[in-house]
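Summary of structural features
Now for the letters of each chain:
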Amino acid sequence: RVVAVYPDGSQGRHAVTHYKVLERFGYVTLVECRLETGRTHQIRAHFQYIKHPIFGDKTYGGDTIVKGTTFTKYKQFVNNCLEIVPRQSLHAKTLGFLHPTKNEFMQFDSELPDDIASVLNKWRRYIGDNFLEPEAIDPSGGPMINLGDEFEGKYKIVKINSINNIWISERN
């Protein structure tokens, strides 16, 4: 099932995803997400909507090169990474919730899976060997994100701090 974002609010349910850039690899970016809501495919739909699909996500367009150079070497590198992680590159490092019957907070932590860790290390080596101009490192592929920017009237940048934490929220 594919979930869509409706900018005019005519359909769907309210959903908010906060994300923080942890590391940039040229046209691919490692982010941490914090969800205010827990909708089906929420992270996948939100990132596809802002034209940054989850790496390897065949359903939402993350299995193709959407940004980057047209050089054969780059395309081959990306395809090799997609073979190492033949799935969406999502990992729930920490899950927490209030237990419904015990009424106590429970939290579970999990290490990054080997396939994702391997691909992240490949990207680190690739970027180290293939210097990209600063404008190529902007993950949006366009102008820098500014406070108050909106994505098609649905999302608005509500806070940016000095360490690249960017919060987007759905407009009511």
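Up top is the structure.
If you're wondering where the values come from, they're calculated on a predicted model, not measured in any experiment. Think of each chain on its own: its residues are numbered from 1, step by step along the sequence as written. Side-chain atom pairs in this predicted model are given and counted only at pLDDT of 80 or more, local residue features only at pLDDT of at least 70, and totals for whole chains, interfaces and linings cover all residues. Working from all heavy atoms in the structure, the side-chain values ignore hydrogens and water.

1. Looking at the overall build of the protein
- The secondary structure listing takes helices from DSSP runs of H or I that are at least 4 residues long and strands from runs of E that are at least 2 residues long, numbered from the N terminus. Looking only at helices and strands, one finds four helices and seven strands in the protein.
- Going residue by residue from the N terminus, the α and β elements of the protein occur as β-β-α-α-β-β-α-α-β-β-β.
- For the exposure calls, accessible area comes from a 1.4 Å probe over protein chains only, and a residue counts as buried if that area is under 20% of its type's maximum, exposed if over 50%, partly exposed in between. Classification of the 172 residues of the protein by burial places 29% in the buried group.
- Contacts are assigned to residue pairs with any non-hydrogen atoms lying within 4.5 Å of each other. Long-range contacts, defined as pairs at least 24 residues apart, comprise 49% of the intrachain contacts of the protein with a sequence gap of at least 6.
- The protein chains shown are the only cover counted for residues, whose accessible areas, like all others here, come from Shrake-Rupley with a 1.4 Å probe. Summing over all exposed atoms, the protein offers an accessible surface of approximately 11,000 Å²; the carbon and sulfur share of this is 52%.

2. Structural notes on helix H1 (residues 42-49)
- In terms of burial, H1 is a largely internal element, seven of the eight residues being buried.
- Three or more residues of H1 are buried, namely Gln 42, Ile 43, Arg 44, Ala 45, His 46, Phe 47 and Tyr 49.
- Lys 51, located one to two residues past H1, shows a positive phi value of around 65 degrees.

3. Quick notes on the environment of Leu 90
- Assignment of secondary structure puts Leu 90 in the loop between helix H2 (72-84) and strand E3 (94-98).
- Each residue touching Leu 90, except ones within four places of it in the same chain, is listed here: Ile 43, Arg 44, Ile 54 and Ile 116.

4. Looking at the pattern of salt bridges
- A carboxyl oxygen of Asp or Glu within 4 Å of a side-chain nitrogen of Lys or Arg is what we treat as a salt bridge. Applying the stated rule across the entire model yields four salt bridges.
- Taking the shortest distance from any N to any O, the salt bridge between Arg 34 and Glu 32 comes out at 3.1 Å.
- Glu 32 sits in the partly exposed class, given a relative accessible area of 27%.
- For the salt bridge of Arg 87 with Asp 115, the shortest nitrogen-to-oxygen distance reads 2.8 Å. Of this pair, Arg 87 sits in the loop between H2 and E3 while Asp 115 sits in helix H3 (residues 114-129), and the two are 28 residues apart along the sequence.
- Assessed through its relative accessible area of 31%, Arg 87 is described here as partly exposed.

5. Describing the nonpolar core
- Definition of nonpolar core: a set of buried residues of the types Ala, Val, Leu, Ile, Met, Phe, Trp, Tyr and Cys, connected through side-chain atoms within 4.5 Å. Grouped together as the largest cluster of nonpolar side chains are 14 residues, with contacts concentrated most on Phe 55, Phe 77, Val 78, Cys 81, Val 119 and Trp 123.
- Leaving out residues up to four positions away in the same chain, Val 119 has contacts with Phe 55, Cys 81, Ile 84 and Val 85.
- In this structure, Val 5, Ala 45, Ile 50 and Ile 54 belong to the second largest nonpolar core, which totals nine residues.

6. Points about H2
- Here H2 is 13 residues long and its end C-alpha atoms lie 19 Å apart, about the 18 Å a rise of 1.5 Å per residue gives.
- Of all the positions in H2, only Tyr 74, Phe 77, Val 78, Cys 81 and Leu 82 are classed as buried. Projected onto a plane normal to the axis of H2, the buried residues spread over an arc of 140 degrees and lie on a single side. Seen from the open side of H2, the exposed residues pointing more than 90 degrees away from its buried face are Thr 72, Lys 73 and Glu 83. Residue count minus one, scaled by 1.5 Å, sets the expected span of a helix. What the arc measures is the spread of directions leading from the helix axis to the C-beta atoms.

7. Describing the pairing of strand E2 (residues 28-35)
- Two strands are said to pair when DSSP picks up at least two bridges between them. With eight bridges connecting them, strand E1 (residues 17-25) and E2 associate as antiparallel partners. Counted as the bridge partner of Glu 23 is Leu 30 from E2.
- Hairpin geometry of E1 and E2 is characterised by an intervening segment of two residues between the two adjacent antiparallel strands and by a positive phi of about 75 degrees at Gly 26.

8. A few points about the side chain of His 46
- Residue placement: His 46 occurs in helix H1.
- Here the side chain of His 46 touches Thr 17 through a polar contact of 2.8 Å, side chain to side chain. Contacts described as polar in this section are N or O atom pairs within 3.5 Å, which, within protein, must combine one atom able to donate a hydrogen with one able to accept it, while residues neighboring in sequence count only if both atoms come from side chains.

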